[in-house]
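# Survey of secondary and tertiary structure
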Amino acid sequence: MLSEVLLVSAPGKVILHGEHAVVHGKVALAVALNLRTFLVLRPQSNGKVSLNLPNVGIKQVWDVATLQLLDTGFLEQGDVPAPTLEQLEKLKKVAGLPRDCVGNEGLSLLAFLYLYLAICRKQRTLPSLDIMVWSELPPGAGLGSSAAYSVCVAAALLTACEEVTNPLKDRGSIGSWPEEDLKSINKWAYEGERVIHGNPSGVDNSVSTWGGALRYQQGKMSSLKRLPALQILLTNTKVPRSTKALVAGVRSRLIKFPEIMAPLLTSIDAISLECERVLGEMAAAPVPEQYLVLELMDMNQHHLNALGVGHASLDQLCQVTAAHGLHSKLTGAGGGGCGITLLKPGLERAKVEAAKQALTGCGFDCWETSIGAPGVSMHSATSIEDPVRQALGL
Ligand code: MEV
């Protein structure tokens, strides 16, 4: 067990195309955002494990001795043991959560307890730790905040337990893990995501682990090597929603109307593939006609509405940006949350500013950001910016 303080960060994501369709085996194109979640792990010797999530006002402390007595059975299971319903029931009791707990805050505690007990299962005694997680990402807005959380927790615990290497050992102020270690972090993070979301596709934790831009399909991913320098306008409608419920809603529509819904998923797949092709061309030799691809945003948004994951606030967002000649769609699970608007290079500043003002006037938060941030990283305390250091009490 390492005795040093660890500082880990992982990015949020936006899905350009393919949300929901990816749950049913289709392609998704996802990019890492330069908004990150940070985790600081401090080894202790007070017999306690504490988890502090200041963004959502949660601080929970458990006695290591009580956790040690829990007969979870993780040790007897395979490499990355997926938690059974019975194990989760036990953990809910320890976390003091109701059996029908559905809120993301409670489920984040549960995911932490699972990752802590399952990753540290091989230690002779469970470690005493103080963990704080702080995020630049708005929670529950479709920007992958829960995936960034699971990736940070998995990376920090695996490193502390020496199950993966410490990328800062002997060098540098920021580092990432070798490919095999990233695979392990991603597998554990996926299991954490499953505790929170039920049956996610795995795209969110993958892009948070590897960063950059990914094409993802059925657990297989490849990095998009060349990306044009696209800016994104991100708009948060601030309408809360549950990814789990939205994914379940699409599944029941698919069961109810298979012949109507399946072609929509096939069409979304074709949109993702066309977008991937044009993004590659744009990066190699940009010509103005390629920006016709932005129309794909409008088409996909209509499909997502037909899947039942739209919301009046998202319609309003799309109408407002369309009135300024821009193309938008929801990103992530929909039902509220965030929308993205792609901004082509050379767009008049006045147009973007006018769109932002109109969106803010609707009560939305919006900000411009670039895409393709680095994946999960380990930092030295001096390598991060002052506001983050302050938020983490470093
Ligand atoms: C959520 O960010 C993306 C969805 O496709 C769910 C998933 O892929 O697990 C809606």
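Residues numbered from 1 in each chain as written. Predicted model: local features only at pLDDT ≥ 70, side-chain atom pairs only at ≥ 80, totals over all residues. Heavy atoms only, no water.

### Side note on the overall build of the protein chain
Put simply, the rule reads: Helix and strand definitions follow DSSP, with helices as H or I runs of at least four residues and strands as E runs of at least two, each counted in order from the N terminus. Every radius of gyration here is taken over C-alpha atoms, with the globule rule written as 2.2 Å times N^0.38, N being the number of residues. Working definition: with a 1.4 Å probe on protein chains only, accessible area under 20% of the residue-type maximum means buried, over 50% means exposed, and in between means partly exposed. Every residue pair with non-hydrogen atoms within 4.5 Å of one another is taken to be in contact. To measure how exposed things are, a 1.4 Å probe is used in the Shrake-Rupley method; for residues, cover is taken only from the protein chains shown. The charged-residue count follows a simple rule in which Lys and Arg add positive charge and Asp and Glu add negative charge, with His and chain termini not counted at all. Think of each charge as sitting on NZ of Lys, CZ of Arg, CG of Asp or CD of Glu.
In terms of helices and strands, the protein chain carries 12 helices and 13 strands. Against the globule reference of 21 Å for 394 residues, the protein chain gives a C-alpha radius of gyration of 21 Å, in line with a compact fold. Expressed as a percentage of its 394 residues, the buried residues of the protein chain come to 55%. Put simply, 76% of the contacts in the protein chain that link residues at least 6 apart link residues at least 24 apart. In the form shown here, the protein chain has an accessible surface area of approximately 16,600 Å², with 54% of it arising from carbon and sulfur atoms. Taking the average location of the 35 positive side-chain charges in the protein chain and that of its 36 negative ones, the two points are 2 Å from each other.

### Considerations on empty space enclosed by the protein
This is how the line gets drawn: Space inside and on the surface of the protein is sampled on a 1 Å grid over the protein atoms alone, with a cavity defined as a set of points where a 1.4 Å probe fits but cannot get out and a pocket as an open set with protein on both sides within 12 Å along at least 5 of 7 lines; lining residues have an atom within 4 Å of a point. Grid points are joined across faces, edges and corners, and a volume is the space filled by probe spheres set on the points. Three classes are used: nonpolar for Ala, Val, Leu, Ile, Met, Phe, Trp, Tyr, Cys and Pro, charged for Asp, Glu, Lys and Arg, and polar for all others, with Gly counted as polar.
Across all of its chains, the model carries one cavity of 30 Å³ or more by this definition. Residue lining of the largest cavity: 31 residues in total, with Lys-13, His-197, Asp-204, Thr-243 and Ala-333 positioned closest to the centre. Counting residues per element, the ones that place at least two in the lining of the largest cavity are β1 (6–17), α4 (145–160), α5 (179–197), α6 (203–210) and α7 (243–256). A class-by-class count of the residues in the lining of the largest cavity yields 12 nonpolar, 14 polar and five charged.

### Remarks on α7
For the record, the criterion: Given the number of residues in a helix, its expected span is that number minus one, multiplied by 1.5 Å. An arc is given here, and it is the one of the directions from the helix axis to the C-beta atoms.
Between the first and last C-alpha of α7 there are 20 Å, a value that for 14 residues agrees with the 20 Å anticipated at 1.5 Å per step. All of the buried residues along α7 are Leu-246, Val-247, Val-250 and Leu-254. Buried residues of α7, seen end-on, are gathered within an arc of 100° and therefore sit on one face of the element. Exposed positions of α7 whose direction lies more than 90 degrees from the buried face are Ala-245, Ile-255 and Lys-256. The secondary structure elements touched by the buried residues of α7 are α8 (258–284) and α9 (295–307).

### A closer look at unusual backbone geometry
Backbone geometry places His-20, a non-glycine residue, at a positive phi of 70°. Structurally, His-20 is set in the loop between β1 and β2 (28–43). Taking the relative accessible area as the measure of exposure, His-20 reaches 5% and is therefore buried.

### Some words on the site of the ligand
The line we're drawing: Near residues are defined by distance, with any heavy atom within 4 Å of the molecule or strand qualifying the residue. By the criterion applied in these results, polar contacts are pairs of N or O atoms within 3.5 Å in which, for protein atoms, one can donate a hydrogen and the other can accept it, and in which residues neighboring in sequence qualify only through two side-chain atoms. A pocket or cavity is taken to hold a molecule when more than half of that molecule's atoms are within 2 Å of the pocket's grid points.
The local shell around the ligand holds 13 residues, among which Lys-13, His-20, Pro-200, Ser-201 and Asp-204 are the closest. Within the backbone of His-20, an N or O atom sits 2.9 Å from an oxygen atom of the ligand. Contact distances for the ligand include 2.8 Å between an oxygen atom and a side-chain N or O atom of Asp-204. If you map the ligand onto the pockets, it falls in the largest cavity. Those elements that place two or more of their residues in the shell around the ligand are β1 and α6. The residue makeup of the shell around the ligand, split by class, is seven nonpolar, three polar and three charged.

### What to know about the pattern of salt bridges
Oppositely charged side chains can form a pair if their charged atoms are brought close together. In plain terms, the rule: Each salt bridge in this description consists of a side-chain nitrogen of Lys or Arg and a carboxyl oxygen of Asp or Glu lying within 4 Å of one another.
Tallied over the entire structure, the rule returns 17 salt bridges. Two residues, Glu-163 and Lys-122, come together in a salt bridge whose shortest N-O distance is 3.7 Å. With Glu-163 in the loop between α4 and β6 (174–175) and Lys-122 in the loop between α3 (104–119) and β5 (129–135), this residue pair connects regions lying 41 residues apart in the sequence. Residue classification places Glu-163 among the partly exposed positions, given a relative accessible area of 36%.

### Describing the sheet that holds strand β10 (residues 328–330)
Convention followed: Here a strand pair is declared whenever DSSP counts at least two bridges between the two strands. Geometry is summarised by axes, namely lines fitted to C-alpha atoms with helices restricted to the contacting stretch, and by angles between N-to-C directions that run from 0 to 180 degrees.
With antiparallel pairing, the four strands of this open sheet are ordered in space as β10-β11-β9-β12. The open sheet has two edge strands with one neighbour each: β10 and β12 (365–370). Geometrically, the sheet is characterised by an average inter-axis angle of 25° between neighbouring strands, direction not taken into account. Pairing of strand β9 (residues 231–236) with β12 involves six bridges; the strand directions are antiparallel. Along β12, the bridge assignment pairs Ile-232 with Thr-369.

Purely spatial values, then, with no claim about function.
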